[in-house]
Amino acid sequence: MIKTIISSELPIGEQFLVRKNVLSNGNGGKRICVVTGTHGDELEGQMVCYEVSRIIQENIELLDGTVEIYPALNPLGIDSLQRGFPNFDLDMNRIFPGNPKGTMVEQAAYRITEDLKGADMVIDIHSSNLYLRECPQVRINVMHEDWLVPYAKMLNVDFIWVHDAATVLEATLAYSLNSTGTPCLVVELGVGQRINDRMCANLTNGVFNLLRNMGVWKGVEDALPSKPIVCKGDKVDFLNAANSGVFLTEQKTGTVVEKGQKIGAIVDPLSGTVLSEVISPCLGYLFTIRAYPIVYEGSLMARIYKFDEKEKSTGGRDL
């Protein structure tokens, strides 16, 4: 059943609408929400929402509870391929929990937060921006580590990044929900303005694995979920550009790199010279790589999770 949770007038006779698809069956009382489209240039969640909705509707007898799907929290951003909310110069994921008496965007954030409160789980799906490519991962505030990491392991992602509290913005949807007792997992994958079919298919399987473990889905397990690397504490190396230029690389995310291994090179097309090489400072797991090749001095090129001695033999996997 399609429900409208926000309807606001736009200047020239049109409406700003945020809608959800409510799928219910059986006697189960749990409610799981899948949300995406907070940023208009993040499109991976569109495929995941489609697949989750399609599979449930084709097998509705296997559902025992309620799954609510919110594919576009910022539909104007998606329509115009803008990361933020058009005309308001706002990143929608920086104004939660919103304000019922604020601007249209603040009111929308408030209504979304209120509508999601009380869910047994919220899965908040994001892509990376246009500049960086991310391996499928869940990001969690360290304050909620014990609570949320067990759920994150069910989502069939490669990596779980437990952030230090200082790096987690309080005005995000996830922080706002978690602080009120509604569990919310933030998934990050792929690159902006694109859809990676394989990543989305794996995450879709992960969503159903989580539904199954929470007693909402009675379908059989299609494939064993991945055993993710769990990153805690100060174990991430950030690689920044030493020069401005064009970044060339053949490296992919989700790979183990050696200490001293070449990640790529920054080159000058005019002179045909290599300005600098990007070298891994450690043995570890490459979970972020630069996707947009034009770089400036200081631009983020890659992020690597550093293995300790115990992790070298397992490739960092949480076995």
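About the cut-offs
- Residue indices follow the written sequence of each chain, beginning from 1 at its first position.
- The predicted nature of this model means local features are confined to residues of pLDDT at least 70 and side-chain atom pairs, given and counted, to a pLDDT of 80 or more, with totals for whole chains, interfaces and linings taken over all residues.
- Water and hydrogen atoms were dropped before computing side-chain values, which therefore reflect all heavy atoms in the structure.
- Working definition: a ring pair exists when centres of Phe, Tyr or Trp rings (six-membered ring for Trp) sit within 6.5 Å. Plane angles under 30 degrees give stacked, over 60 give edge-to-face, the rest tilted.
- Exposure classes here rest on a 1.4 Å probe applied to the protein chains alone. A residue is buried below 20% of its type maximum, exposed above 50%, and partly exposed in between.
- Strands are runs of DSSP state E lasting at least two residues, helices are runs of H or I lasting at least four, and both sets are numbered from the N terminus onward.
- Either an automatic procedure or a domain database provided the assignment from which the domain bounds are taken.
- The contact definition used throughout considers only heavy atoms, calling two residues in contact when any of these lie within 4.5 Å.
- Reported buried area values correspond to the accessible surface (1.4 Å probe) lost by two parts on association, with both partners' losses combined.
- Here, a salt bridge means any side-chain nitrogen of Lys or Arg that lies within 4 Å of a carboxyl oxygen of Asp or Glu.
- In the analysis that follows, any N or O atom pair within 3.5 Å is treated as a polar contact, provided that within protein one partner can donate a hydrogen and the other can accept it, and provided that, for residues neighboring in sequence, both atoms belong to side chains.
- The nonpolar class holds Ala, Val, Leu, Ile, Met, Phe, Trp, Tyr, Cys and Pro. Asp, Glu, Lys and Arg form the charged class, and all remaining residues, Gly among them, are polar.
- Helix axes are fitted only over the stretch in contact, all axes being lines through C-alpha atoms; the angle between N-to-C directions runs from 0 to 180 degrees.
- Here the word oblique covers every angle except those under 35 degrees (roughly parallel), over 145 (roughly antiparallel) and from 65 to 115 (roughly perpendicular).
- Here a crossing is taken to be left-handed if its near helix is turned anticlockwise relative to the far helix by less than a right angle, and right-handed if that turn runs clockwise.

### Here we look at the packing of aromatic side chains
Per the stated rule, a full pass over the model turns up ten aromatic pairs. On the numbers, 5.6 Å between centres and 80 degrees between planes, the contact of Phe 85 with Phe 88 is edge-to-face. The buried category is assigned to Phe 85, whose relative accessible area is 2%. According to the relative accessible area criterion, Phe 88 is partly exposed, its value standing at 32%. On the basis of an interplanar angle of 80 degrees and a centroid distance of 5.2 Å, the ring pair of Tyr 131 and Tyr 292 is categorised as edge-to-face. Taken together, the residues Tyr 131 in the loop between β5 (121-127) and β6 (132-141) and Tyr 292 in the loop between β15 (284-290) and β16 (294-295) connect sequence positions 161 residues apart. What links up through ring pairs into an aromatic cluster is the set Phe 159, Trp 161, Phe 238, Tyr 285, Phe 287, Tyr 305 and Phe 307.

### Points about the domain arrangement of the protein
Domain boundaries assigned for the protein yield domain 1 (2-230) and domain 2 (234-314). Each of domain 1 and domain 2 was reduced to a C-alpha centroid, and the two centroids are 29 Å apart. The interface of domain 1 with domain 2 comprises 15 residues on the first partner and 15 residues on the second. A combined buried area of about 1,300 Å² lies between domain 1 and domain 2, and 68% of that area is made up of carbon and sulfur atoms. Counting every contact that joins domain 1 to domain 2 gives one salt bridge. The residue Arg 303 makes a salt bridge to Glu 134 at a minimum N-O spacing of 2.5 Å. In this assembly, domain 1 and domain 2 are joined by six residue pairs in polar contact (both at pLDDT 80 or more). At six residues, the largest contribution of residues to the side of domain 1 that touches domain 2 is made by β6. A class-by-class count of the residues in the side of domain 1 that touches domain 2 yields ten nonpolar, one polar and four charged.

### A few points about the packing of helix α1 (residues 44-58) against helix α6 (residues 197-213)
At a minimum axis distance of 9 Å, the contact between α1 and α6 shows a crossing angle of 45 degrees. Judged by the angle between their axes, α1 and α6 are oblique. As α1 packs across α6, the resulting crossing turns out to be right-handed. Contacts from Glu 44, Met 47, Val 48, Glu 51, Val 52, Ile 55 and Ile 56 in α1 reach Asp 197, Cys 200, Leu 203, Thr 204, Val 207 and Phe 208 in α6.

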